Amino acid sequence: MAVWSSAEAVAQNNDAMFALNYLAATPVFDAEAQTLSFSALGQQLVLGGDFSQAADRSYQGQVSSIGFFDGTGTPVYSLTEFQANLTDLLANYADPQAMQGLFSGNDTLYGSAENDWLYGYAGSDVLVGGAGSDFIDGGTGTDYVWLSGVSSDYNLLAFNGMLQASPVNSPDVDTLVNVERILFSNNAVLAMDTDANPGAVFGLYYTALGRTLTSLEELQALGASVLAADRGASLNQVAGDLLAGDLMTTTYGELSDSAYVDLLYQNVLGQPASTADNAYWVDQLEAGMVRGDLLLGAAQLDLVQAEVAELTGSGVWFFV
């Protein structure tokens, strides 16, 4: 069984430590490809990044990828989309604790056609198990697992804090731990971190529309809003962008403040606001309160939160 891992996990994977020991060999520098290759016993460890050679023929720069290849050129390990200082890597590759510190961050890890173990550890990672029955631990951060088919190609089973993904008519079973989101080949995402941005943003859409989302356009809009929140947009900003976007304009047209208040009351309570309530909130809006804040407040009502929790119990679906 092949073991694939980020270098953060070298302390737990002897095979990964063995691969990094190839850094003791004399490197071959390809200036055009910006790679350093270390070969021994017919196998090869290749570092990719941005390198230069000093006058004393030592190498400096930043490492952004590691590939370990067997004697046939077949990749055995693959680690991409991270940053490590080459000097630190060459000085500390035999020290597991130092290596874990060097390789924390947002990584992309690829498995093989065998049964693999992938560890994301710190950072928001993308993990691709490939064929075989894989064990994938995302670690901390918001981690994605990419599956090669559409959602209907898989049986999903949640238990004991884990999720098993098994292709239909296949004996392979991937076990996912500490994985927040599954990305399918058609760009559909199943977000299981419903207590974070996906659940909160879904609540905004549910309150604004008064229903769950059904169309591709709606699910794409939801995905864009979730990703905006992931990048640091506040829920107030997300709510404002939702109200100003094409989805709301197409659905409701231009709404007066009074009509907007009635819409939220209808969506949350099933009836328009009373004359007094409508007048109160219109006064608030005319005094400077923005509509997005009113939407967020409605979405955070206990009544709405309870409905959202029930609707998102098995995750939040959106498209990216």
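To be clear, the structure that these remarks concern was listed above.
Thresholds applied
Starting from 1, residues in each chain are numbered consecutively following that chain's sequence as written. Residues qualify for local features only when their pLDDT is at least 70, as the model is predicted, and side-chain atom pairs are given and counted only at 80 or more; totals for whole chains, interfaces and linings, by contrast, use all residues. Side-chain calculation: all heavy atoms of the structure are included, whereas hydrogens and water are not. For the purposes of this entry, the term helix denotes a DSSP run of H or I that reaches at least four residues, the term strand denotes a run of E that reaches at least two, and both are numbered from the N terminus. In this scheme, a residue with accessible area under 20% of its type's maximum is buried, one over 50% is exposed, and one in between is partly exposed, where area comes from a 1.4 Å probe on protein chains only. Two residue types count as positive, namely Lys and Arg, and two as negative, namely Asp and Glu; His and chain ends fall outside the count. Salt bridge, as used here: a side-chain nitrogen of Lys or Arg that lies within 4 Å of a carboxyl oxygen of Asp or Glu. Within 3.5 Å is the distance limit for a polar contact, defined as a pair of N or O atoms, with the added protein rule that one can donate a hydrogen and the other accept it, and that residues adjacent in sequence qualify only through two side-chain atoms. The contact definition used throughout considers only heavy atoms, calling two residues in contact when any of these lie within 4.5 Å. As used in this record, nonpolar core signifies buried Ala, Val, Leu, Ile, Met, Phe, Trp, Tyr and Cys residues forming a set joined through side-chain atoms within 4.5 Å. Aromatic rings from Phe, Tyr and Trp, with only the six-membered ring used for Trp, were paired whenever their centres fell within 6.5 Å, and each pair was classed as stacked if the ring planes differed by under 30 degrees, edge-to-face if by over 60, and tilted otherwise. Using a grid of 1 Å spacing that covers the protein atoms alone, one calls a set of points a cavity when a 1.4 Å probe fits there but cannot get out, and a pocket when the set is open and has protein on both sides within 12 Å along at least five of seven lines; lining residues are those with an atom within 4 Å of a point. Grid points are joined across faces, edges and corners, and a volume is the space filled by probe spheres set on the points. Each residue receives one of three labels: charged for Asp, Glu, Lys and Arg, nonpolar for Ala, Val, Leu, Ile, Met, Phe, Trp, Tyr, Cys and Pro, and polar for the others, Gly being one of them. A pair of strands is treated as paired once DSSP finds two or more bridges between them. Fitting a line to C-alpha atoms yields each axis, with helices limited to the stretch in contact; the angle taken between N-to-C directions then spans 0 to 180 degrees. By definition in this entry, angles of less than 35 degrees are roughly parallel, angles greater than 145 are roughly antiparallel, angles of 65 to 115 are roughly perpendicular, and the rest are oblique. Here the arc refers to the set of directions running from the helix axis out to each C-beta atom. Helix span is expected to be 1.5 Å times the residue number reduced by one. The sense of a crossing depends on the near helix, which, turned anticlockwise from the far helix by less than a right angle, makes the crossing left-handed and, turned clockwise, makes it right-handed.

Quick one: what's the story with the side chain of Asp174, residue by residue and with numbers?
Note that Asp174 resides in strand β13 (residues 174-177). No salt bridge is formed by the buried Asp174; its nearest oppositely charged neighbour, Arg181, is found at 18 Å. Looking at Asp174, its side chain comes within polar contact range of the main-chain nitrogen of Asp134, at 2.9 Å. Other than its neighbours up to four places away in sequence, Asp174 contacts Gly132, Ser133, Asp134, Leu147, Leu163, Gln164 and Ala165.

If you had to explain the nonpolar core to someone new, which residues and values would you point to?
Ranked by internal contacts, the top residues of the largest apolar core, which has 56 residues, are Leu204, Leu222, Leu242 and Leu295. The element that contributes the greatest number of residues to this core is helix α4 (residues 197-209), accounting for seven residues. Setting aside chain neighbours within four positions, we find Leu222 in contact with Val201, Phe202, Tyr205, Leu213, Val316, Trp317 and Phe318. Core analysis: the next-biggest nonpolar cluster, separate from the first, contains 14 residues, Phe38, Phe51, Val63 and Tyr93 among them.

Got a sec to walk through the packing of aromatic side chains? Specific residues and values, please.
All told, the structure shown has five aromatic pairs when counted by the stated rule. Taking 4.9 Å as the distance between ring centres and 80° as the angle between the ring planes, the aromatic pair formed by Tyr280 and Trp281 counts as edge-to-face. Of the residues examined, Tyr280 reaches a relative accessible area of 45% and is grouped as partly exposed. Members of the aromatic cluster, connected to one another through ring pairs, are Tyr154, Phe184 and Trp317.

I'd like to hear about empty space enclosed by the protein, residue by residue, with values.
Inspection of every chain in the model, using the stated rule, returns two cavities of 30 Å³ or more. Volume-wise, the second largest cavity comes out at about 40 Å³. Around the second largest cavity, the lining residues are Tyr206, Thr207, Gly210, Asn267, Val268, Val304 and Glu307. Those elements giving two or more residues to the lining of the second largest cavity turn out to be α4, α8 (257-269) and α11 (302-311). Here the residues of the lining of the second largest cavity sort into three nonpolar, three polar and one charged.

Run through the sheet that holds strand β7 (residues 117-119), naming residues and quoting values.
One open sheet accounts for five strands, arranged β7-β9-β13-β12-β11; its pairing is mixed. The sheet terminates laterally at β7 and β11 (154-159), the two strands that pair on one side only. On average, adjacent strands in this sheet sit at an angle of 15° to one another, irrespective of strand direction. As paired elements, β7 and strand β9 (residues 135-137) share three bridges and run parallel to each other. Directly across from Leu118, in β9, lies its bridge partner Ile136.

Please give an account of the packing of α4 against α8 that cites residues and values.
Axis separation between α4 and α8 bottoms out at 7 Å; the angle between their running directions is 110°. With respect to their mutual orientation, α4 and α8 come out roughly perpendicular. Mapping the contact onto sequence places Thr207, Ala208 and Leu209 in α4 and Leu263, Leu264, Asn267 and Val268 in α8. Per-class residue counts for the contact of α4 with α8 are five nonpolar, two polar and no charged.

Run through helix α6 (residues 235-244), naming residues and quoting values.
All of the buried residues in α6 are Val238, Ala239, Leu242 and Leu243. Looking straight down α6, one finds its buried side chains confined to an arc of 130°; they lie on one side. Across α6 from its buried face, at more than 90 degrees, point the exposed residues Asp241 and Ala244. Elements that come into contact with the buried residues of α6 comprise α4, α5 (216-230), α7 (246-252), α8 and α10 (291-299).

So what about α8? Which residues, and what values?
Between its terminal C-alpha atoms α8 stretches 18 Å, which fits the 18 Å expected from 13 residues at 1.5 Å a residue. Along α8, the positions that sit buried rather than exposed are Tyr260, Val261, Leu263, Leu264, Tyr265, Asn267 and Val268. Those residues of α8 that are buried lie in contact with α4, α6, α7, α9 (275-286), α10 and α11. At the C-terminal side of α8, Gly270 shows a positive phi close to 85°.

Residue-level account of the packing of α4 against α11, with values.
When two helices pack together, their arrangement is given by the angle between the helix axes and by the axis-to-axis distance. In the contact formed by α4 and α11, the axes pass within 10 Å of each other and the chain directions differ by 115°. For the element pair α4 / α11, the angle class is roughly perpendicular. Pair α4 / α11 crosses with right-handed handedness. Counting all contacts with α4, which are made through Gly199, Phe202, Gly203, Tyr206 and Thr207, the residues of α11 involved are Val304, Glu307, Val308 and Leu311.

Give a description of the environment of Leu147 that names residues and reports values.
Mapped onto the fold, Leu147 is located in the loop between β10 (144-146) and β11. Measuring from C-alpha to C-alpha, the distance between Leu147 and Ala131 comes to 9.7 Å, with 16 residues separating the pair along the chain. Dropping the residues within four chain positions of it, Leu147 is found in contact with Tyr154, Ala165, Asp174, Ile182, Leu183, Phe184 and Ser185.

I'd like to hear about the pattern of salt bridges, residue by residue, with values.
Applying the stated criterion across every chain yields a total of four salt bridges. Arg181 serves as the salt-bridge partner of Asp230, at 2.5 Å between the closest nitrogen and oxygen. With Asp230 in helix α5 and Arg181 in strand β14 (residues 181-183), the pair connects residues that are 49 residues apart, well separated along the chain. For Asp230, a relative accessible area of 34% corresponds to the partly exposed category. Given the relative accessible area of 1%, Arg181 is considered buried. A salt bridge links Glu218 to Arg211, with the shortest nitrogen-to-oxygen separation between them at 2.6 Å. The exposure class assigned to Glu218 is buried, which follows from its relative accessible area of 6%. Overall, Arg211 belongs to the partly exposed group, its relative accessible area being 32%. Each of Arg181, Asp193 and Asp230 takes part in a single network of salt bridges with overlapping partners.

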